[in-house]
Amino acid sequence: MMDISEQQLDPEAVLRLLARRRSVREFQTKTVDRTIIDAIINDAREAPTSCNHQMTHVVAVSDVQTKEALVAIAGANKHIVQAPVVLVLCFQKGWNHNKFAVVQSAAIMGYHMCLSAHLRGLATVWNAGIGNQQKVGELLHIPNQFEIIGIICIGYEKEGTAKKKAARRPLAGIRSWDTFHRPAASIYPLKKAASYPYDAIRIDNNTFSIFSPDVWGWDRIADLRSVAVYSKSPIKGVYLSRRFEKEMDAEVAELMSQHTSGKLLEVMPYGGSYTTKILQALQEDSELHIAELSQNNIDFVEERVQQDGLHTERIQTAVFERGILPYADNFFDTVFLPQVYESIPRRHDFLKEIHRVLKPGGRVVCTIRNMFSWFGVYYLKRERRGQVKNFGPYIPRMPFFSKRAIAHIFHIESDFGFTLLPNLVGKKETGLAKQCSRLYCIVAKKIL
Ligand SMILES: Cc1cc2nc3c(=O)[nH]c(=O)nc-3n(C[C@H](O)[C@H](O)[C@H](O)COP(=O)(O)O)c2cc1C
């Protein structure tokens, strides 16, 4: 067997170099020569395949219009257009389906290409989010006996793009000797069943999913959020929903119109979408604090805020555990829970904790996804039938019950809604309409 040291290469140095590969989602316009792309694919021929069948096929695409069509089909992953070349990875069906051996073979080849590109000074990102594979197949004339599993973008990394590599679980979190052990927080709840047949579970159809934050508990929610936030890079505008950005702007404008001065706490910013909006509206003399369940999320938010051209010095960060906020009593003027109330376990206890950290006369502002709305119908028919979202489990709440729960602890000052109908995104609603809007909002005051 060849010893890498015989080649006068330091194995540790090579491994360190390989470990520096990371997904890049912003590329320079500079093209990549076809000979380099061919060399990368050629390298991947060395990867092992099930029965040595080598059923994988790669369609390399550099044509801009074709890449635009691929993004349109995917409905996401805009970096597919930006990357000068994308490799569409597919495999021939009919052989080695057991234990997905043919899929495993294609995946190994894909990673081999990512590493080859990395060693050649190129950046990559793998995309399983390709949308309707039949349409992709038609676009690229891929016969339907081939399964398309992903698109690997290749190009030169854009200068100044997000640098931090996605957080990794520690070794002890993914390895056990002799028998299976794994930290309890990273084993997520599923509905009880005799077995969990793999092919019965899909992203949009998972009958085993549990959406109750109470069943998940704080630790597992923290665990999922801490790794999943890096499913995207902390680049400008990341996690801003095209559909609901207007609503978010309206929420933040409402919050900032009345509650900007003094110390403001945003709870559980996840990827920092609200954080950037709040920062932009923050008064000079106010302080913004963010509290999340993991340092990974804080790191992500900080890099993202910088990428958005804002200053992290204006934010103070803290990690909190199991619903206990690491602040003194009577500390904040305002606590903002933007679409968080429906994602937390033991809501009553957490409201009491917020009450504790608020100054007398301070306010909690909650915006809550409303079950009694068109969004609630969408949630019941679509969202809850699929897998739990990357930001964690949540269940939209009924306005009446939320208001009653909050009124137990706080004095309700006002309540209103946003987005009565999908075509009225961000429109503020009062009266009866607020009860049926997508977001139900409550401003409540701490009284002693
Ligand atoms: C099978 C697979 C599918 C992926 N799909 C997507 C995708 O659709 N969009 C995307 O932006 N990243 C995608 N990624 C990239 C992952 O988010 C990324 O590898 C992960 O967050 C770890 O980050 P790193 O690659 O920087 O180490 C995918 C990665 C793999 C392995």
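Residues numbered from 1 in each chain as written. Predicted model: local features only at pLDDT ≥ 70, side-chain atom pairs only at ≥ 80, totals over all residues. Heavy atoms only, no water.

## A look at the pairing of strand E2 (residues 85-92)
Buried residues dominate E2, accounting for 8 of its 8 residues. Side-chain alternation along E2 places Val85, Leu87, Leu89 and Phe91 on one buried face and Val86, Val88, Cys90 and Gln92 on a second face that is also buried. In this structure, strand E1 (residues 56-61) lies alongside E2, joined through 6 bridges in antiparallel fashion. By the bridge assignment for E2, alanine 60 is matched with leucine 87. In the sheet, E2 pairs with strand E4 (residues 146-155) via 8 bridges, with the strands oriented antiparallel. In the sheet register, valine 88 faces E4, and the bridge partner there is isoleucine 151. (Buried < 20%, exposed > 50% of the residue type's maximum accessible area, 1.4 Å probe, protein only. Helix = DSSP H or I, 4+ residues; strand = E, 2+ residues; numbered from the N terminus. Pairing = 2+ DSSP bridges.)

## A few points about the site of the ligand
Surveying the vicinity of the ligand reveals 16 residues, the closest of which are Ser23, Arg25, Trp126, Arg168 and Tyr230. Between the ligand and the protein, one listed contact pairs a nitrogen atom with a side-chain N or O atom of asparagine 127 at 3.3 Å. No other element matches strand E3 (residues 123-127), which puts 3 residues into the shell around the ligand. Broken down by class, the residue content of the shell around the ligand amounts to 5 nonpolar, 6 polar and 5 charged. (Near = heavy atom within 4 Å. Polar contact = N/O pair within 3.5 Å; in protein donor to acceptor, adjacent residues only side chain to side chain. Nonpolar A, V, L, I, M, F, W, Y, C, P; charged D, E, K, R; others polar.)

## Looking at the sheet that holds E4
Across the sheet, which stays open at both edges, the 4 strands sit in the order E1-E2-E4-E3 with antiparallel pairing between neighbours. Of all the strands in the sheet, just E1 and E3 have a single pairing partner and so form its edges. Strand-to-strand, the axes of this sheet are offset by a mean angle of 25 degrees, without reference to chain direction. Where helix H2 (residues 34-44) meets the sheet, its contacts fall on E1, E2 and E4, and the angle it forms with E2 comes to roughly 30 degrees. (Axes fitted to C-alpha atoms, helices over the stretch in contact; angles between N-to-C directions. Contact = heavy atoms within 4.5 Å.)

## What to know about a positive patch on the surface
A surface patch of positive charge is lined by Lys191, Lys381, Arg384 and Arg385. Among the structural elements, arginine 385 can be located in the loop between helix H13 (374-381) and helix H14 (399-407). Looking at arginine 385, the relative accessible area reads 46%, which means it is partly exposed. (Patch = residues over 30% accessible without salt bridge, like charges linked within 9 Å, V, L, I, M, F, W, Y side chains within 5 Å. Areas by Shrake-Rupley, 256 points an atom, 1.4 Å probe, with all protein chains shown as cover. Salt bridge = Lys/Arg side-chain N within 4 Å of Asp/Glu carboxyl O. Lys, Arg positive; Asp, Glu negative; His and termini not counted. Charge placed at Lys NZ, Arg CZ, Asp CG, Glu CD.)

## Remarks on the UniProt feature "domain: Methyltransferase type" (unreviewed entry) in the chain
Per the UniProt record, the feature "domain: Methyltransferase type" (unreviewed entry) sits at residues 272-366. For residues 272-366, the helix share is 35%, the strand share is 28%, and the end-to-end C-alpha distance is 17 Å. (UniProt positions renumbered as here; feature names shortened; annotations may be inferred.)

## Side note on unusual backbone geometry
The phi dihedral of cysteine 51 is positive, around 55 degrees, even though this residue is not glycine. Inspection of the secondary structure assignment puts cysteine 51 in the loop between H2 and E1. A relative accessible area of 57% places cysteine 51 in the exposed class.

## Focus: helix H9 (residues 245-258)
Here H9 contains 14 residues, and its C-alpha end-to-end distance of 20 Å stays within 8% of the 20 Å for a straight helix at 1.5 Å per residue. Turning to H9, its buried residues number three or more, namely Glu247, Met248, Ala250, Glu251, Val252, Glu254, Leu255 and Met256. (Expected span 1.5 Å × (residues − 1).)

## Considering the domain arrangement of the chain
Domain annotation for the chain reports domain 1 (15-155) and domain 2 (245-445). Look at where the C-alpha atoms of domain 1 and domain 2 centre, and you get two points 39 Å apart. (Domains from an automatic or database assignment.)

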